[in-house]
Amino acid sequence: MLKHNLLLYLRNIKKHRSSFLINIVGLSTGLACVVLVYLWVSDELAMDKFHEHEERLYQVRRNVSDGQGSLVTFSSNSSLMLTALQQEVPEVEMATAVYEFNNSARLEVDDKKLSAIGSMASEDFFKVFSYPLLSGDKNTVLTDVNSVVLSLELATNFFGKASEAIGKTISIKQGGQRIDEVFTVAGIFEVPENSSEKFDFLLPYKTFLKYRNPDDIRWYSNSSSIYALLRHNVDLDAFNNKMADYIKKKNKNVDEQVFFTKFSDSYLRGSFENGKQVGGRITYVVLFSIVAIFVLLIACINFMNLSTARASRRLKEVGVKKAVGANRRSLIFQFLSESLLLSFFALVCACFLVMLIMPTFNTITGKQLTLVLEGQMVSTILLITLLTGLLSGSYPALYLTKFNVVKVLKGKINSTFGELLVRKGLVVFQFSISLLLIVAVSVIYMQLDYVQSKNLGFNKDNVLIFERQDALTNSMDAFLEQARQLPGVVNASYMQGGMTNFSNSSRGHTWPGQTEASKQMTFRHAHVGPEFIETMGIEMKEGRSYIDEKPDNESKIILNETAVKLMGLENPIGTIIDMRGPNREIIGVVKDFNIQSLYNEIAPMALLCRTEWVSNLVIKIKAGEEKTAITNLTKLYDKFNPGLEFDFRFLDNQYQELYRAEQRVSTLSKYFAVMAILISCLGLFGLAAFSAERRRKEISIRKVLGQSISQLTIMLSGEFVKLVMVSMLISLPISYLLATDWLSQFAYKISLHAGYFIGAAAVALFVAMFTVGGQAIKAAHKNPINALREE
Amino acid sequence: MLLQLNNIFKWVNSGGQRIFLLKDINLEVEEGEFISVMGPSGSGKSTLLNVIGMLDGFDEGEYHFLDESVHNLKEKHRSNLYKEYIGFVFQSYHLLDELTVKENLEMPLLYKKYKGAERKAMVADMLDRFNIVGKKDLFPTQLSGGQQQLVGVARALIANPKLILADEPTGNLNSQQSEEIMALFKKLNEEDGVTIIQVTHSEKNAAYGSRIVNLLDGRKV
């Protein structure tokens, strides 16, 4: 019987190639989407889950009032927290502190120099976390102040073989912390692919404490990340309640709330709003899972619609089989196996598609995914395929087999109103989803375009930024002086951190006329050099910018407009305030400029000027003379730092990276939208062809009675255009709500005008018209005699 | 006694009125009979045939087939009954276009739990008996109408039914093809003892049978 049905099926495919193609193209694209997204999602979900004690591994966070009525969450803590957790909190089994270097460090063995990203971590680091330690003892590897632990890659780079590295010395220089010492390699670790933290080397935390001024170690400082391994069966809520006032008890002037969040959650749920964990990447994980399933669903709908619409072609078979003794169950089984066969065939095509798309997909998502046939994945994908087959086959199977033999054999099957409604409803559903995606794509695109072209308050174009390394640590001023003279260079200066995020913040400052409420106001601040404001093209509102007058600059301060407004200063220039050091004179006020992504509003900000803290140099070059400028700068850099690569970046590129997540969403949703609309149209194409065939007699009679071809075309297309219109009514309001919700997270956003929705509707209508119109014209042109003669 | 219909009524409701398709039909069919059902269009011939074939139900009356009371049977039993004892021949043959002659013949056996080797033997036997061995790998569209109906009859007979129901089996055939099919029916009836009930418009075809049942407006006349 199986062989028999298979034969029937194959011969049917041969006869109705177009339906088969529509189904296979749709289903395999849908399945490919699901497989890709599944790979991506499982990779995202596996992030940081490799740690052995992952279930009990927590990060210590603090909620701090921003002085404007809401809470800001910090993930960093004072090193005092580490000792306190280890000694005073019985619920904590182990804890570790990590200080991450902001800038890369310079590592040197003999003549070989490499730049690498590192951290300083306390003794228990390798016991709390489960980064595999290839050599070295996890209990002692970070105890000696002069030791260093290298990544396998770094060790191989320096010493050829990892086994050679142990006991060798390596010189490490780090500008920001002014470390310049020789360390002995004590161990080698590996960072797994699915770790969210990436680092090349670890120094002992003792080194951090050695370089830290003991006076600077206070409860409200925020130097290190603290991780704690809680004991088994610790109730998190109760524990968080107990710990909330911990810092306040230690220092009653520090009003901060301590709480613990699961470490492995940080990657997907890293966003905090007003002190609460609100999500993060997980939003996109969920979003794309839903979208992929929808694309597959659209393809399933095609299958259902085409099979039921073309039921007449299979009805005779059903009738005859029933008459010779087939029962309904065996027929349902037959149709379900057909759809299962189709979906598994589609899966094979999908696998090829996935392999084809994978490189592009990896570029978009920034991952290294591969299609590995591993147990759980295979079974999940097979299950999805099985469900796809059952879902798309179920309706046709039940529909086709329910008819009475006598009626079927007489060919008297009229689709009931309900069946037509289901078929039309499914088409409406398809187009609603497609429309939703089109609106989403255009809104995301326009918003990204907006944030990237918005006036940020400074000019990000043609600005190079690079790290202050090696010789530049001591002779930065000489370098800048010479750089300014080079042809093609407009101006040059330096700054602490980068323009895309002033990572430092502080509070507890005093100024004349301060109110009780504004006492806790948090300021972003950065140290910048003379000419910085000019180099960046930031506008002064009043006063002056820094000029080269060391050490005088260290008692001056420049604020931004927002700071002055929130502080309530009437005549800021010349006012003496206490901020990051007593008795600072305000010498200037700059107009507001954005230093974060446009998710955030502009914060009160202070520009200070102290050379030691500076980590980056910024150079503005002339538009059109980039090449000359860069060649000259490279030469100059080589003079100061012979043998070092001039590793610079453009500020506007860096700026774009702020929106990398959005860029990904934008690109991915573009692909998904195109696929959704294509698959929907394939289905519509099939339905239109069927409808034209079904109405052949009607068309012929109308034609004989004198209806023109254009009238007929309009009549035939109208049927489907109506459906697309209905989907607009359903989907446009929903997409409006979703778009508003998405945009609400940006402090600066485009306004949603009707154009987006009209545009999307026009695209959908046009594509639908195009698909259906061809069929309609073809049907209208047919010679009516042929159709009528058959009667 | 093969089957017995007692006071069979079948109706549909249309526009508040009850329209009778079959009205008080009483019919007894003995094994080995060859009955022709005649009557003008709309007189209920096909309906009667479908009722006898259990493809269609009825609203009132009793229907006994062999020892079973069909009117009391559940759908499943009923279909088992007709599967085992009844073969159908249709006016428009109703062969499956996607299957070859051989495969079309094999199809009824698939639903009756015959083993593969058994099925092969039965199909080969049938091809032989109807002299269509040379056509076994052709598709129905490659055959003439008469040949297609030949296959149709062969398919109806393959599972050795007691009763053949034929609804205008020659309606789509020319006179020579008709004669051949009717001769075949007669031979089956006389030599193999197969009971046949046919619906026909043609007096000539009706004459092949042993008894004629005339219908008018759903009533036996």
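Bear in mind that the values here come from a model prediction, so they are computed numbers and not experimental data.

## Here we look at the overall build of chain A
Moving on, step 1. Counting its secondary structure elements, chain A contains 25 helices and 26 strands.
Moving on, step 2. With the C-alpha coordinates aligned to their principal axes, the bounding extent of chain A is approximately 105 × 60 × 55 Å.
Moving on, step 3. Here chain A, with 791 residues, has 41% of them falling under the buried criterion.
Moving on, step 4. Sequence separation of 24 or more characterises 80% of the internal contacts of chain A that already satisfy a separation of 6 or more.

## Looking at the overall build of chain B
Moving on, step 1. Of regular secondary structure, chain B possesses seven helices and 10 strands.
Moving on, step 2. A compact globule built from 221 residues would reach a C-alpha radius of gyration of about 17 Å, and chain B, at 18 Å, matches this within 12%.
Moving on, step 3. Across its three principal axes, chain B shows a C-alpha extent of roughly 55 × 40 × 35 Å.
Moving on, step 4. The proportion of buried residues among the 221 residues of chain B is 41%.
Moving on, step 5. Long-range pairs, those at least 24 residues apart, make up 72% of the contacts in chain B between residues at least 6 apart in sequence.

## Looking at the sheet that holds strand E16 (residues 463–467) of chain A
Residues and elements named next belong to chain A.
Moving on, step 1. The four strands lie next to each other as E17-E25-E16-E26, forming an open sheet whose pairing is antiparallel. Strands with a single pairing partner mark the edges of an open sheet, and in this sheet they are strand E17 (489–495) and strand E26 (648–650). Across the sheet, the axes of successive neighbouring strands diverge by a mean angle of 25°, strand direction being ignored.
Moving on, step 2. Across six bridges, E17 lies against strand E25 (residues 616–621) in antiparallel orientation. Residue pairing for E25: Ala492 is matched across the bridge by Ile619.

## As for the interface of chain B and chain A
Moving on, step 1. Counting residues at the interface gives 17 residues for chain B, matched by 20 residues for chain A.
Moving on, step 2. Elements that contribute at least two residues to the side of chain B that touches chain A include exactly helix H2 (75–85) and helix H3 (101–110) of chain B.
Moving on, step 3. Per-element tally for the side of chain B that touches chain A: the top contributor is H3 of chain B, with four residues.
Moving on, step 4. Residues of the side of chain B that touches chain A, tallied by class, amount to nine nonpolar, three polar and five charged.

## Points about the environment of Tyr494 of chain A
Residues and elements named next belong to chain A.
Moving on, step 1. In this structure, Tyr494 sits in strand E17.
Moving on, step 2. C-alpha of Tyr494 to C-alpha of Cys609: the two residues are 115 residues apart in sequence and 9.8 Å apart in space.
Moving on, step 3. The contacts of Tyr494, once residues within four sequence positions are left out, are Arg468, Met476, Leu480, Gly529, Val614, Asn616, Leu617 and Val618.

## Side note on the pairing of strand E8 (residues 147–151) of chain A
Residues and elements named next belong to chain A.
Moving on, step 1. Of all five residues that make up E8, five are buried, and the element is covered over most of its length.
Moving on, step 2. What you see with E8 is no split at all: Ser147, Val149 and Ser151 on one side and Val148 and Leu150 on the other are buried throughout.
Moving on, step 3. Sheet topology places E8 next to strand E10 (residues 179–189); five bridges connect them, and they run parallel. By the bridge assignment for E10, Val149 is matched with Gly187.
Moving on, step 4. In this sheet, strand E11 (residues 201–204) lies alongside E8 in antiparallel orientation, the contact comprising two bridges.

## Quick notes on the pairing of strand E12 (residues 225–230) of chain A
All names here are of chain A.
Moving on, step 1. The buried fraction of E12 amounts to six of the six residues, a majority that puts the element mostly inside the structure.
Moving on, step 2. Here E12 shows two buried faces, one formed by Ser225, Tyr227 and Leu229 and the other by Ile226, Ala228 and Leu230.
Moving on, step 3. Pairing of strand E3 (residues 92–100) with E12, which is carried by six bridges, proceeds in the antiparallel orientation. Bridge pairing in E12 links Val98 to Ser225.

## Quick notes on the nonpolar core
Moving on, step 1. Judged by nonpolar contacts, the single largest core of 86 residues is most densely connected at Cys33, Val295, Leu435, Val439 and Ala676 of chain A.
Moving on, step 2. Mapped onto this core, the elements with two or more residues apiece are helix H2 (17–46), helix H10 (281–309), helix H12 (328–365), helix H13 (375–401), helix H15 (417–453), helix H21 (660–694), helix H23 (709–743) and helix H24 (754–781) of chain A.
Moving on, step 3. Residue contributions to this core peak at 17 residues, all from H21 of chain A.
Moving on, step 4. Excluding residues that lie within four positions of it along the chain, Leu435 of chain A makes contacts with Ser727, Met728, Ser731, Leu732, Ser735, Ala760, Ala761 and Ala764 of chain A.
Moving on, step 5. With 70 residues, the next largest nonpolar core counts Tyr63, Leu105, Ala166 and Ile181 of chain B among its residues.

## Thoughts on helix H16 (residues 472–485) of chain A
Moving on, step 1. Roughly 40° is the biggest bend found in H16 of chain A, and it falls at Ala478 of chain A.
Moving on, step 2. Along H16 of chain A, the residues that are buried comprise Leu472, Phe479, Leu480 and Ala483 of chain A.

## Here's the deal with unusual backbone geometry
Moving on, step 1. Despite not being glycine, Asp48 of chain A has its phi angle at roughly 65°, a positive value.
Moving on, step 2. Residue placement: Asp48 of chain A occurs in the loop between H2 and strand E1 (57–65).
Moving on, step 3. A positive phi angle, near 60°, is found at Tyr93 of chain B, a position not held by glycine.
Moving on, step 4. Position of Tyr93 of chain B among the secondary structure elements: in the loop between strand E6 (86–89) and H3.
Moving on, step 5. Its 22 C-beta neighbours within 10 Å are what place Tyr93 of chain B among the buried residues.

## Some points on the domain arrangement of chain A
All names here are of chain A.
Moving on, step 1. Along its sequence, chain A is carved into domain 1 (1–47 + 268–414), domain 2 (56–266) and domain 3 (470–643).
Moving on, step 2. Once you take the C-alpha centre of each, domain 1 and domain 2 turn out to be 48 Å apart.
Moving on, step 3. Facing 11 residues of domain 1, the contacting portion of domain 2 comprises 10 residues.
Moving on, step 4. Residue composition of the side of domain 1 that touches domain 2, by class: four nonpolar, five polar and two charged.

## Some points on the sheet that holds strand E7 (residues 163–167) of chain B
Residues and elements named next belong to chain B.
Moving on, step 1. Across the sheet, which stays open at both edges, the six strands sit in the order E6-E7-E8-E3-E9-E10 with mixed pairing between neighbours. Of all strands in the sheet, those bounded by a partner on one side alone are E6 and strand E10 (219–220).
Moving on, step 2. Where E7 meets strand E8 (residues 195–199), five bridges bridge the pair, whose relative direction is parallel. Within E8, the position partnered with Asp167 by the bridge is Val199.
Moving on, step 3. Together, strand E3 (34–38), E7, E8 and strand E9 (211–216) form the strand contacts of helix H1 (residues 45–52), whose direction differs from that of E8 by roughly 150°.

Conventions and cut-offs
Residues numbered from 1 in each chain as written. Chains lettered and ligands numbered in written order. Predicted model: local features only at pLDDT ≥ 70, side-chain atom pairs only at ≥ 80, totals over all residues. Helix = DSSP H or I, 4+ residues; strand = E, 2+ residues; numbered from the N terminus. Buried ≥ 20, exposed ≤ 12 C-beta atoms within 10 Å, placed from the backbone. Contact = placed C-beta atoms within 7 Å. Rg over C-alpha atoms; globule rule 2.2 N^0.38 Å. Pairing = 2+ DSSP bridges. Axes fitted to C-alpha atoms, helices over the stretch in contact; angles between N-to-C directions. Nonpolar A, V, L, I, M, F, W, Y, C, P; charged D, E, K, R; others polar. Core = buried A, V, L, I, M, F, W, Y, C linked by C-beta atoms within 7 Å. Bend = angle between axes of the 7 residues up to and from the residue. Domains from an automatic or database assignment.

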